[in-house]
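# Coordinate inspection notes
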Amino acid sequence: MARITATIKPVHADGTVCTHKVTTTGKPKEVGCTGRSAYRATCSACPWTEQSPTKAALEYVRDTHLRSHLTKPASAAVSA
């Protein structure tokens, strides 16, 4: 079974992924970059996506979503 991942990537205001270098305050260092407006999390196993202005908020949502993909363990037989 393939490993399920949910990645978080910074995005520009137009929705494109931002791969540009930024300063510690988040301002773009490269010409042509409009700056990061949000972060987007996507799942490798389903069409789930979530967007937030902060990466920290998405980390919790991402972890919760990944847990939803876990299969429930079979009930243990109770022996008397």
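To be clear, the structure that these remarks concern was listed above.
Residues numbered from 1 in each chain as written. Predicted model: local features only at pLDDT ≥ 70, side-chain atom pairs only at ≥ 80, totals over all residues. Heavy atoms only, no water.

## Considering the side chain of H12
We apply this condition: A run of H or I in DSSP counts as a helix once it spans at least four residues, and a run of E counts as a strand once it spans at least two, with each numbered from the N terminus. Residue burial is assigned from relative accessible area. The probe radius is 1.4 Å, only protein chains are included, and a residue is buried under 20% of its type maximum, exposed over 50%, and partly exposed in between. The term polar contact refers here to a pair of N or O atoms within 3.5 Å; inside protein, the definition further demands a hydrogen-donor-capable atom paired with an acceptor-capable atom, and it admits residues adjacent in sequence only when both atoms are side-chain atoms. Whether two residues are in contact is decided by their heavy atoms: any pair within 4.5 Å suffices.
Within the secondary structure, H12 is located in the loop between β1 (6–11) and β2 (38–43). The exposure class of H12 is buried, given its relative accessible area of 7%. Side-chain polar atoms of H12 contact the side chain of H20, separated by 3.4 Å. Apart from residues no more than four positions distant in its own chain, H12 is found in contact with V17, C18, H20, C33, T34, G35 and S37.

## Considerations on the nonpolar core
Let me state the cut-off plainly: Residues enter a nonpolar core if they are buried and are Ala, Val, Leu, Ile, Met, Phe, Trp, Tyr or Cys, with the set joined through side-chain atoms within 4.5 Å.
With seven residues, the main nonpolar core is built from A6, I8, Y39, A41, C43, W48 and L58. Ranked by the residues each element gives to this core, the list is headed by β2, at three residues. Excluding anything up to four places from it in sequence, Y39 contacts I8, K9, P10, V11, E50, Q51, S52, P53, T54, K55 and L58.

## Remarks on the pattern of salt bridges
Cut-off, in case you're wondering: By definition, a salt bridge exists where a carboxyl oxygen of Asp or Glu is found within 4 Å of a side-chain nitrogen of Lys or Arg.
Under the counting rule described, the total for this entry stands at one salt bridge. Note that R62 and D63 form a salt bridge whose closest N and O atoms lie 3.2 Å from each other.

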